[in-house]
Amino acid sequence: MLLGVNIDHVATLRNARQTPYPSPLQAALMAETYGADLITMHLREDRRHIHDHDVFAVKAAISTRLNLEMALTPEMLDNALQVQPADVCIVPEKRQELTTEGGLDILHQQDKVAAYTEKLQAAGIRVSLFIDADNQQIQAAHDVGASVIELHTGAYADAPNKTMRTQELLRIEEAANQASELGLIVNAGHGLNIHNVTPIVKILAINELNIGHALIAQSVFLGLGEAIRQMKDIMFRARSLPY
Ligand code: PXP
């Protein structure tokens, strides 16, 4: 299972004081050194953390691949076509939200999602759609021509009790299996941390996790390299593979 390290919150810390440090680029390179399989960054419309120059700098320097998360807007489409990341993950975006709340609604904007997907794919960029574990959205993701989905694990991570967490987990597992049967590559992410990641890793239909906030938070205490090593160790153990 692959680990995408989301470095957005290195930029959050930098921007809090408008200093040049800590550098998202340095974080990306260190993440690769310590086992990140890809680097994920979200260029939000309000540029609250990652800035445009960060995306270009990271894309030019990394040796794994860049997964650029972005909203479904003409500006972001232009950005992606300039940056040429290996992957674009299309996410819904609301200005006032603390973080990405809920998955993309493909069903009600199928033509628009299909048109963006086609333009990105024509430029050689693989398109992933960040969606809730919902069978209609999964079918719609397939219908618009995406090859990858990322299942939103936020409802699982934030479940207030064990019963609801178990329900959410089951929903994610069923969704991952359905998507996999349709031939989609299945990724997952949001709200994952060392305490809740294991049951998600055990869903074999999931190919890649994208994790940000908890890894950057843990790196305050352990250092980024050790935080990534710790997460990868948990992931490898959960799949019963030698580390
Ligand atoms: N995947 C997607 C599509 C996201 O939008 C985010 C948050 O930016 C993440 C994964 C990572 O979430 P977290 O920071 O909670 O690990």
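Our structure's up above, just so we're on the same page.
Conventions and cut-offs
Residues numbered from 1 in each chain as written. Predicted model: local features only at pLDDT ≥ 70, side-chain atom pairs only at ≥ 80, totals over all residues. Heavy atoms only, no water. Patch = residues over 30% accessible without salt bridge, like charges linked within 9 Å, V, L, I, M, F, W, Y side chains within 5 Å. Areas by Shrake-Rupley, 256 points an atom, 1.4 Å probe, with all protein chains shown as cover. Salt bridge = Lys/Arg side-chain N within 4 Å of Asp/Glu carboxyl O. Helix = DSSP H or I, 4+ residues; strand = E, 2+ residues; numbered from the N terminus. Buried < 20%, exposed > 50% of the residue type's maximum accessible area, 1.4 Å probe, protein only. Pairing = 2+ DSSP bridges. Core = buried A, V, L, I, M, F, W, Y, C linked by side-chain atoms within 4.5 Å. Contact = heavy atoms within 4.5 Å. Arc of directions from axis to C-beta. Axes fitted to C-alpha atoms, helices over the stretch in contact; angles between N-to-C directions. Parallel < 35°, antiparallel > 145°, perpendicular 65-115°, else oblique. Left-handed = near helix turned anticlockwise from the far one by under 90°. Nonpolar A, V, L, I, M, F, W, Y, C, P; charged D, E, K, R; others polar.

A cluster of nonpolar side chains, contributed by Val 220, Phe 221 and Leu 222, occupies part of the molecular surface with about 360 Å² of accessible area. As for its placement among the helices and strands, Leu 222 is situated in helix H10 (residues 213-222). The partly exposed category is assigned to Leu 222, whose relative accessible area is 38%.

Next up on the list: the pairing of strand S8 (residues 206-211). Along S8, 5 of the 6 residues are buried, which leaves the element largely enclosed by surrounding structure. Examined bridge by bridge, strand S1 (residues 2-6) and S8 share 4 bridges and lie parallel to one another. Residue pairing across strands places Gly 4 opposite Asn 210, the latter belonging to S8. Both strand S7 (residues 185-189) and S8 contribute to a ladder of 4 bridges, which runs parallel. Within S8, the position partnered with Gly 189 by the bridge is Asn 210.

Let us look at the nonpolar core. Counting residues in hydrophobic clusters, the biggest one holds 69 residues, and the most contacted among them are Leu 129, Leu 151 and Leu 209. The leading source of residues in this core is helix H11 (residues 224-238), at 7 residues. The contact partners of Leu 209, leaving out residues within four places of it in the chain, are Met 1, Leu 2, Leu 3, Gly 4, Ala 188, Leu 192, Val 197, Ile 200, Val 201 and Met 235.

The next thing to look at is helix H4 (residues 74-83). Of the residues making up H4, those classed as buried are Met 76, Leu 77, Asn 79, Ala 80 and Val 83. Projected down its long axis, H4 carries its buried residues within an arc of 160°, all on one side. Away from the buried face of H4 by more than 90 degrees, exposed residues Pro 74 and Gln 82 are located. Residues of H4 that are buried sit in contact with helix H3 (52-61), strand S3 (66-70), strand S4 (87-90) and helix H5 (110-122).

Packing of helix H2 (residues 24-33) against H11 brings their axes to within 9 Å, and their N-to-C directions diverge by 45°. Regarding the angle of H2 to H11, the classification is oblique. Classified by chirality, the crossing of H11 by H2 is right-handed. Only Leu 224, Gly 225 and Ile 228 of H11 make contact with H2, whose side of the interface consists of Ala 27, Met 30 and Ala 31. A breakdown of the residues in the contact of H2 with H11 according to their chemical character gives 5 nonpolar, 1 polar and no charged.

A pair of packed helices is characterised by two quantities: the angle between their axes and the separation of those axes. One way to put it is that H10 packs onto H11 with a least axis distance of 7 Å and a crossing angle of 120°. As the angle between them shows, H10 and H11 are arranged oblique. In the crossing of H10 with H11, the sense of the turn from one axis to the other is right-handed. Here Leu 215, Ile 216, Gln 218, Ser 219 and Leu 222 of H10 lie close against H11, whose contacting residues are Leu 224, Glu 226, Ala 227, Ile 228, Gln 230 and Met 231. Looking at the contact of H10 with H11 residue by residue, the classes come out as 7 nonpolar, 3 polar and 1 charged.

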